[in-house]
Amino acid sequence: MNKKLKFTLISTWIIFSRSFDAYCTNQLTPDLSKESNPLVSVFGMGWTPLLLIIGLLSLYAIYTYYKSVFKPMDLLPKEKGYTEGNILAYAYLGEKEHWTSVLYKFPKSLSRFNQFMGQTLSICLSYAGAVSTLMWLLIRNVDAYKSIHSPLLVYSVLILGCLALIYQWNHKRYQEYLNLAYQKI
């Protein structure tokens, strides 16, 4: 699939799925009393700040995805000796670190941060859109689902799915790294 078409499809999906989620949420709980999004359930946000944050996050994801597709930056190291975990840290931070460093460090380069987010956040937001769309379709059309629906179920599927997608993304980068490293021998 060419870059323009892929970018257009993924961007459209992100906008549609986030909009559909907001629409369905408004239909079910216009006052947000049943909303489980932590921005509402923990921080007590109303519709305006909630939509503003989700809208800005979506626009940021699309912007960084655009940058990663049309102005890509090489996130792989040139040296040999990196493990798969090191590749994740290098892709994010630009230096050899243990993979856990991505949990508490920030890259020194904003362009690296944007490239990394463009490649991973867009995948996760697309996945979250699929999960939320499926969830709303099940809530509306399948009575059996309503009895098992819970914030724990939804957030478990979201978090575990995003972790799996990021792992898959990183594994692919690691395979690219190994191919490049072996070509230099």
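This text follows the structure it describes.
Computed from a predicted model, the values in this text were never measured in an experiment.

1. Observations regarding the overall build of the protein chain
Then, number 1: Within the protein chain, the secondary structure is distributed over seven helices and zero strands.
Then, number 2: Each helix and strand of the protein chain, placed in order from N terminus to C terminus, yields the pattern α-α-α-α-α-α-α.
Then, number 3: A principal-axis box enclosing the C-alpha atoms of the protein chain has dimensions of 60 × 30 × 30 Å.
Then, number 4: Counting all 185 residues of the protein chain, 39% fall into the buried class.
Then, number 5: Long-range pairs, those at least 24 residues apart, make up 64% of the contacts in the protein chain with a sequence separation of at least 6.
Then, number 6: Accessible area of the protein chain: about 11,200 Å², with a carbon and sulfur share of 67%.
Then, number 7: For the protein chain, the centre of its 18 positive side-chain charges and the centre of its 10 negative side-chain charges are spaced 8 Å apart.

2. Comments concerning helix α5 (residues 110–141)
Then, number 1: With 32 residues, α5 ought to run about 46 Å at 1.5 Å a step, and its terminal C-alpha atoms sit 44 Å apart, in line with that.
Then, number 2: The sharpest bend along α5 comes to roughly 30°, located at G118.

3. Notes on the side chain of S101
Then, number 1: Residue placement: S101 occurs in the loop between α4 (84–93) and α5.
Then, number 2: Once you skip the residues sitting within four places of it in the chain, S101 turns out to touch A89 and L93.

Conventions adopted
Here the residue index of a chain counts from 1 through its sequence in written order. Under the rules for a predicted model, residues below a pLDDT of 70 receive no local features and side-chain atom pairs below 80 are neither given nor counted, while totals for whole chains, interfaces and linings still include all residues. Side-chain numbers here rest on the full set of heavy atoms in the structure, without hydrogens or water. In this text, helices come from DSSP runs of H or I with a minimum length of four residues, and strands from runs of E with a minimum of two, each type numbered from the N-terminal end. Buried residues are those whose accessible area, probed at 1.4 Å on protein chains only, stays under 20% of the maximum for their type, while exposed residues exceed 50% and partly exposed ones sit between those limits. Here, residues are in contact when the closest pair of their heavy atoms is within 4.5 Å. In short, Shrake-Rupley with a 1.4 Å probe defines the accessible areas, and a residue's cover is counted only from the protein chains shown. His is not counted, nor are the chain ends; Lys and Arg add positive charge and Asp and Glu add negative charge. Note that the charge is assigned to NZ on lysines, CZ on arginines, CG on aspartates and CD on glutamates. The span one expects for a helix is its residue count, reduced by one, times 1.5 Å. To get the bend at a residue, fit one axis to the 7 residues ending there and another to the 7 starting there, then take the angle between the axes.

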